[in-house]
Every structure is written in C-alpha cells, then in structure tokens.
Amino acid sequence: MDIRFCFRLSAEAGMARNTQTGEPVECFTQVQLGGAKNAPSDYNAMHESLRGLVAAQIGVKPKYVIPISQAEYDENVVDWEDIEE
C-alpha cells in the first residue's frame, strides 16, 4: 500500500517563482511511503511530524510547510507522466 503525505509550501518559503513576474509563489510536494504494510495508526500525527522533516530537508522554516489533503494536492499538481505529447 502506498501512503501519501501532501504539503503546500507557502510563497514565503522561496521555493518557486512566477516565470513571468519573478514573484515568489506557493508550490507543492509530497512524501510517499511505498509498500507500507499498514496505514499509520494516527495519520494526522505522522503528517504533522513529517512537516518538520520536510522543512529541514529543504531548508525552510516549518511554518512555511502546510499539511494538506491528497485531494488538494491532486487538484493543484500536474502529473507530467499523465500528459500525452
């Protein structure tokens, strides 16, 4: 079973810029645990704890890493593998 933890990185994190204006914009990331045998007993607690790990990994303050639902992530992120050329 794959388990996803999705996050929105606020514009203040400075991780993405609008290509036309150069202004900081929000972006999205996820942590996917592939092949898990069981879902975590407390998904929300694990989601929150991964927030700090994601922030440390990319070098931003945890307040800029916002846990979001998988649905919100999927609505905002284009999977380029699904786009036919």
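Residues numbered from 1 in each chain as written. Predicted model: local features only at pLDDT ≥ 70, side-chain atom pairs only at ≥ 80, totals over all residues. Heavy atoms only, no water.

Enquirer: Even after reading the chapter, I still don't get helix α1 (residues 43-58), so can you show me in this structure?
Expert: Three- or four-residue spacings in an α-helix give side chains the same orientation, since the helix completes a turn every 3.6 residues. Between its first and last C-alpha, α1 extends 22 Å over 16 residues, near the 22 Å set by a 1.5 Å rise per residue. All of the buried residues along α1 are His-47, Leu-50, Arg-51, Val-54 and Ala-55. Angularly, the buried residues of α1 cover 145° about the axis, an arc narrow enough to put them on a single face. When the buried face of α1 is taken as reference, the exposed residues oriented beyond 90 degrees from it are Leu-53 and Ala-56. Packing partners of the buried residues in α1 comprise β1 (3-9), β2 (27-33) and β3 (65-68). (Helix = DSSP H or I, 4+ residues; strand = E, 2+ residues; numbered from the N terminus. Expected span 1.5 Å × (residues − 1). Buried < 20%, exposed > 50% of the residue type's maximum accessible area, 1.4 Å probe, protein only. Arc of directions from axis to C-beta. Contact = heavy atoms within 4.5 Å.)

Enquirer: Could you clarify how one ought to interpret the environment of Gln-32 in this entry?
Expert: Structurally, Gln-32 is set in strand β2. Gln-32 gets classed as partly exposed once you look at its relative accessible area, which sits at 44%. Residues Gln-32 and Arg-8 lie 24 residues apart in sequence; the distance between their C-alpha atoms is 15 Å. If sequence neighbours within four positions are ignored, Gln-32 has contacts with Asp-2, Ile-3 and Arg-4. In terms of polar contacts, Gln-32 uses its side chain to reach the side chain of Asp-2, at 3.2 Å. (Polar contact = N/O pair within 3.5 Å; in protein donor to acceptor, adjacent residues only side chain to side chain.)

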